[in-house]
Amino acid sequence: VAVFPPRPLVLQIGDRRIRYSIPRGGEIASMNVLPDAVGQSFREIVPKQSKIVAYGFNFDFLISVAEKNVSELFNEKFVADSEALSHKLNGELVHLTPRIVFRRENIIYDLIYEVVEDLHILAHMNVHIATATKLPRQNILKSRYEQEYESARKTVLALLDGNEQ
């Protein structure tokens, strides 16, 4: 693990991947997606014969739900017939944690909703982009990051309330 001050950047290597994290919220337009220091570290750490087969982004959204508790919302949105499911379980459905994996063109999306408290949801979206080449240039990577962030945000909200698409 390498930390790059003065910004809270974390670079982790292992499990056949390099993970670069910005552990904070904020406006994505002001973020430098891949600072030069990190890019240089990638080139120094990764053996020249290594190939990048994929890259991606992870986004976490904390959502407040005011009108009902999260378990009720999940049951309403993601369970067609909670009574029938409870019957098959021979018990009462108390909580469901949705995980949705889907594809758009050559990109795999993995969305997981979790109950943080009765009135809060943590939505985690992993965006997995297969590539047979190298990482895109900085400006293209930043643009892709911004596009995928906005797409993830809209998808997360659309599945909960139907307003974003």
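I will try to describe carefully the structure that is included in this document. This structure is a prediction, so every number in the text was calculated from the model and none was measured.

**Here we look at the pattern of salt bridges**
Here's step 1: In total, this model carries 3 salt bridges according to the counting rule given.
Here's step 2: Between Arg153 and Glu150 there is a salt bridge whose closest N-O contact spans 2.5 Å. Pair noted here: Arg153 and Glu150 are both in helix α4 (residues 138-161), with a separation of 3 residues, about one helical turn.
Here's step 3: What makes Arg153 partly exposed here is its relative accessible area of 23%.

**Brief notes about the nonpolar core**
Here's step 1: Core analysis: the largest hydrophobic core is formed by 23 residues, its most contacted members being Phe57, Ile63, Tyr113, Ile121 and Val127.
Here's step 2: If you list the elements that add at least two residues to this core, you get β4 (54-64), α2 (70-78), β6 (107-117), β7 (120-130) and α4.

**Details of the pairing of strand β5 (residues 99-104)**
Walk down a regular strand and you will see the side chains alternate between the two sheet faces.
Here's step 1: Where burial is concerned, little of β5 is hidden: 0 out of the 6 residues are buried.
Here's step 2: Note that β5 and β6 share 6 bridges and pair antiparallel. The residue bridging Arg103 from the neighbouring strand is Ile108, located in β6.
Here's step 3: Where β5 folds back onto β6 in an antiparallel hairpin, the turn is made up of 2 residues, including Glu105, whose phi is positive at roughly 55°.

**Some remarks on α4**
Here's step 1: Its 24 residues place the ends of α4 35 Å apart at the C-alpha level, agreeing with the 34 Å of an ideal helix rising 1.5 Å per residue.
Here's step 2: Turning to α4, its buried residues are Leu141, Tyr145, Glu148, Ala152, Thr155, Val156 and Leu160.

**With respect to the side chain of Ser86**
Here's step 1: Note on placement: Ser86 falls in helix α3 (residues 82-89).
Here's step 2: Discounting residues that sit within four places of it in the chain, Ser86 has contacts with Gly91, Glu92 and Leu93.

**Remarks on unusual backbone geometry**
Here's step 1: Of note, Asn90 is a non-glycine position whose phi angle comes to about 55°, a positive value.
Here's step 2: By the element assignment, Asn90 lies in the loop between α3 and β5.
Here's step 3: Judged by relative accessible area, which is 74%, Asn90 ranks as exposed.
Here's step 4: Non-glycine residue Glu105 carries a positive phi angle of around 55°.
Here's step 5: Mapping Glu105 onto the fold places it in the loop between β5 and β6.
Here's step 6: Classification of Glu105 by relative accessible area gives exposed; the value is 75%.

**Quick word on the packing of aromatic side chains**
Here's step 1: Tallied over the full model, the rule gives 10 aromatic pairs.
Here's step 2: Considering the side-chain rings of Tyr55 and Phe57, the 6.0 Å spacing of their centres and the 85° angle between planes classify their relative orientation as edge-to-face. No difference in accessibility class separates Tyr55 from Phe57, as the two residues are buried.
Here's step 3: Centre to centre, the rings of Phe59 and Tyr145 are 5.4 Å apart; their planes meet at 55°, and the pair counts as tilted. With Phe59 in strand β4 and Tyr145 in helix α4, this pair connects stretches of sequence that are 86 residues apart.
Here's step 4: With relative accessibility at 14%, the residue Tyr145 sits in the buried group.
Here's step 5: Site record: aromatic cluster; members linked through ring pairs are Tyr55, Phe57, Phe59, Phe61, Tyr145 and Tyr149.
Here's step 6: Seen from the ring of Tyr109, Arg104 lies directly overhead, with NZ or CZ sitting 5.0 Å from the centre.

**Describing the sheet that holds β6**
Here's step 1: The strand order β4-β7-β6-β5 describes an open sheet built from 4 strands, whose pairing is antiparallel. The sheet is open, and its two borders are formed by β4 and β5, each paired with just one other strand. The mean angle between the axes of side-by-side strands here comes to 15°, regardless of whether they run parallel or antiparallel.
Here's step 2: Along the sheet, α2 contacts β5, β6 and β7; its crossing angle with β6, the most-contacted strand, is approximately 145°.
Here's step 3: Contacts from α4 reach β4, β5, β6 and β7, with the element oriented near 40° to β4.

Rules used in this analysis
- Residues numbered from 1 in each chain as written.
- Predicted model: local features only at pLDDT ≥ 70, side-chain atom pairs only at ≥ 80, totals over all residues.
- Heavy atoms only, no water.
- Salt bridge = Lys/Arg side-chain N within 4 Å of Asp/Glu carboxyl O.
- Helix = DSSP H or I, 4+ residues; strand = E, 2+ residues; numbered from the N terminus.
- Buried < 20%, exposed > 50% of the residue type's maximum accessible area, 1.4 Å probe, protein only.
- Core = buried A, V, L, I, M, F, W, Y, C linked by side-chain atoms within 4.5 Å.
- Pairing = 2+ DSSP bridges.
- Expected span 1.5 Å × (residues − 1).
- Contact = heavy atoms within 4.5 Å.
- Phe/Tyr/Trp six-rings, centres within 6.5 Å; stacked < 30°, edge-to-face > 60°.
- Lys NZ or Arg CZ within 6 Å of the ring centre and 35° of its normal.
- Axes fitted to C-alpha atoms, helices over the stretch in contact; angles between N-to-C directions.

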